[in-house]
Amino acid sequence: MVNETLLETLRGIAGSQAVRKDVPMSGLTTFQIGGPAAVVVEPSCVQEAANVLAACHEAGQAVRLLGLGSDLLVADTGVSEVIVRFAERFSGIAVEGSRMTVEAGASNAQVAQAALAAGLAGYEFASGIPGTIGGAAIMNAGAYGGEFRDVCCSLVCATPQGHLVNLHAWQACWGYRHSMMGDEGWAVLSATLQLRPDSPHAIRERMDDLAQRRADKQPLEMPSAGSTFKRPVGYFAGKLIQDAGLRGFRVGGAQVSEKHTGFVVNAGGATARDVRDLIAEVQRRVYEMEGVRMYPEVRMWGFDDEQ
Ligand SMILES: Cc1cc2nc3c(=O)[nH]c(=O)nc-3n(C[C@H](O)[C@H](O)[C@H](O)COP(=O)(O)OP(=O)(O)OC[C@H]3O[C@@H](n4cnc5c(N)ncnc54)[C@H](O)[C@@H]3O)c2cc1C
């Protein structure tokens, strides 16, 4: 329960249209699953974001940080925290020479398109990752041999207390789907990317090629949160699942994709419980049959044993 005084403060900071109550998370996640969020606030600039975080901290109110929800499974019962969402309202992009400074809510696709328009190469790898710059920075998102850490030279973040911090890239301590900001619960507010000049024709060709490779392999026509499991060292999650005979395996509306066994998809009306149960069963059977433990890559919110 978020108290009315804090709600009024948040409306004062971000504007009343940017503060919504009882928002279904199924509309804010690519899985299209999840119960209501008590409150969603969408700041539109760095100072608003810092003030929102400071106000929640002072009120003792827990927050969660959200981008485009493309790596999330939210419980059917929803989440009681204040969700601070960095998306459309916080998506400015500025180009200066071969550097781009991008606000956290800009989508990877928008950034890749802006880089293409400016004749800057290096972000093609992320053009098909359906999240934001903030999500990419927190997860060190990667694809087709590229990772966010390869192109980011600095970040502006906010601590849970709402203090602004400028970071050099090395301070982010990026690893596989991991960052210091994620460990510390810091909000990523903007990132500066160092790209390199190249011909727009060559950049577009690489983007088109990667888009085709994704469309060929991934179930993009069905709601999901991408690769469900982290890559176990020395293995491929999808291959382990396939070898365990789980292609197409279903629990309720949740299904191991027929097209790519590394993806769990919402095949229609899936609940978060269905997805959780399916994940647990896949983990159990892969361990039983192949002796390998698999851990979810997808973040889970609102469950008793949150991962
Ligand atoms: C079809 C499909 C394909 C995908 N392919 C890939 C792929 O190739 N490579 C890959 O790495 N991922 C992939 N993903 C997963 C996902 O898109 C990425 O992990 C993405 O970086 C998540 O960004 P987001 O904005 O959606 O984050 P969200 O899902 O909203 O949040 C994910 C995590 O980041 C945190 N977070 C989000 N924004 C901020 C912020 N501004 N500050 C601090 N914390 C924040 C959240 O608290 C949460 O812990 C795929 C997903 C789908 C659905």
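Heads up: the structure comes first, above all this text.
Engineer: Tell me what's going on with the overall build of the chain, and back it up with residues and numbers.
Structural biologist: A count of helical and extended segments in the chain gives 8 helices and 19 strands. Relative to its length of 307 residues, the chain is compact, with a C-alpha radius of gyration of 19 Å against a globular reference of 19 Å. Overall, the chain is about 55 × 50 × 30 Å in size when its C-alpha atoms are taken along their principal axes. Residues classed as buried in the chain amount to 53% of the 307 residues present. Here the contacts in the chain between residues at least 6 apart in sequence split such that 64% fall between residues at least 24 apart. When the accessible surface of the chain is totalled, it reaches about 13600 Å², and 50% of it is carbon and sulfur.

Engineer: Could you give an account of the pattern of salt bridges, naming the residues involved and the relevant values?
Structural biologist: Within this structure, the stated rule accounts for 17 salt bridges. One salt bridge connects Arg-149 with Glu-147, and the closest N-O pair in it is separated by 2.9 Å. Put simply, Lys-259 and Glu-221 hold a salt bridge, and the shortest N to O gap is 3.8 Å. In this pair, Lys-259 sits in the loop between β17 (254–256) and β18 (263–266) while Glu-221 sits in the loop between α6 (200–217) and β15 (224–227), placing the two residues 38 residues apart along the sequence. Exposure remark for Glu-221: the relative accessible area of 57% places this residue in the exposed category. One continuous salt-bridge network, built from bridges that share partners, spans Arg-20, Glu-42, Arg-85 and Glu-88.

Engineer: Account for the pairing of strand β5 (residues 79–85), naming residues and giving values.
Structural biologist: Buried residues dominate β5, accounting for 6 of its 7 residues. Note: strand β2 (residues 36–41) against β5, 4 bridges, orientation parallel. Bridging across to β5, Val-41 finds its partner in Val-84. As defined by bridge partners, strand β3 (residues 63–66) adjoins β5 across 4 bridges and the pair is classed as parallel. Looking at the pairing, Leu-65 lines up with Val-84 of β5.

Engineer: Give a description of unusual backbone geometry that names residues and reports values.
Structural biologist: Positioned with a positive phi, Tyr-144 is a non-glycine residue whose angle comes to about 50°. Tracing the backbone shows Tyr-144 in the loop between β9 (142–143) and β10 (146–147). A positive phi angle is found at Cys-173, which is not glycine, with a value near 50°. Within the secondary structure, Cys-173 sits in the loop between β12 (164–168) and α5 (180–184).

Engineer: With reference to specific residues and values, describe the state of the cysteines.
Structural biologist: This model, assessed by the stated rule, comprises 0 disulfides. A disulfide-free cysteine, Cys-157 has its sulfur positioned 8.9 Å from the sulfur of Cys-152, the nearest such atom.

Engineer: Hey, could you go over the packing of aromatic side chains for me, with residue numbers and the actual values?
Structural biologist: Counted under the stated rule, the structure contains 3 aromatic pairs. Between Phe-148 and Trp-174, the ring centres sit 5.8 Å apart and the planes meet at 75°, which makes this aromatic pair edge-to-face. With Phe-148 in the loop between β10 and β11 (152–158) and Trp-174 in the loop between β12 and α5, this residue pair connects regions lying 26 residues apart in the sequence. The pair Phe-148 / Trp-174 is uniform in exposure class, with both members buried.

Engineer: Provide a residue-level description of the side chain of Thr-192, including the pertinent values.
Structural biologist: Relative to the helices and strands, Thr-192 resides in strand β13 (residues 187–194). Only 3.0 Å separates the side chain of Thr-192 from the side chain of Thr-101, close enough to count as a polar contact. In contact with Thr-192, not counting residues within four places along its chain, are Arg-99, Met-100, Thr-101, Val-151, Cys-152, Cys-153 and Ser-154.

Engineer: Kindly report on the site of the ligand, identifying the contributing residues and their values.
Structural biologist: Taken together, 36 residues are adjacent to the ligand, and Leu-65, Gly-67, Ser-70, Thr-132 and Gly-142 come closest. Leu-65 has a polar backbone atom sitting 2.5 Å from an oxygen atom of the ligand. A distance of 2.7 Å separates an oxygen atom of the ligand from a polar atom in the side chain of Thr-132. Contact with the protein chains removes 93% of the 970 Å² of surface that the ligand exposes when unbound. Going through the elements one at a time, β3, α4 (133–139), β9, β13, β15 and β19 (299–301) are the ones with two or more residues in the shell around the ligand. Element by element, the count of residues in the shell around the ligand is highest for α4, at 5 residues. The class makeup of the residues in the shell around the ligand is 20 nonpolar, 12 polar and 4 charged.

What counts and what doesn't
Residues numbered from 1 in each chain as written. Predicted model: local features only at pLDDT ≥ 70, side-chain atom pairs only at ≥ 80, totals over all residues. Heavy atoms only, no water. Helix = DSSP H or I, 4+ residues; strand = E, 2+ residues; numbered from the N terminus. Rg over C-alpha atoms; globule rule 2.2 N^0.38 Å. Buried < 20%, exposed > 50% of the residue type's maximum accessible area, 1.4 Å probe, protein only. Contact = heavy atoms within 4.5 Å. Areas by Shrake-Rupley, 256 points an atom, 1.4 Å probe, with all protein chains shown as cover. Salt bridge = Lys/Arg side-chain N within 4 Å of Asp/Glu carboxyl O. Pairing = 2+ DSSP bridges. Disulfide = S-S within 2.5 Å. Phe/Tyr/Trp six-rings, centres within 6.5 Å; stacked < 30°, edge-to-face > 60°. Polar contact = N/O pair within 3.5 Å; in protein donor to acceptor, adjacent residues only side chain to side chain. Near = heavy atom within 4 Å. Nonpolar A, V, L, I, M, F, W, Y, C, P; charged D, E, K, R; others polar.

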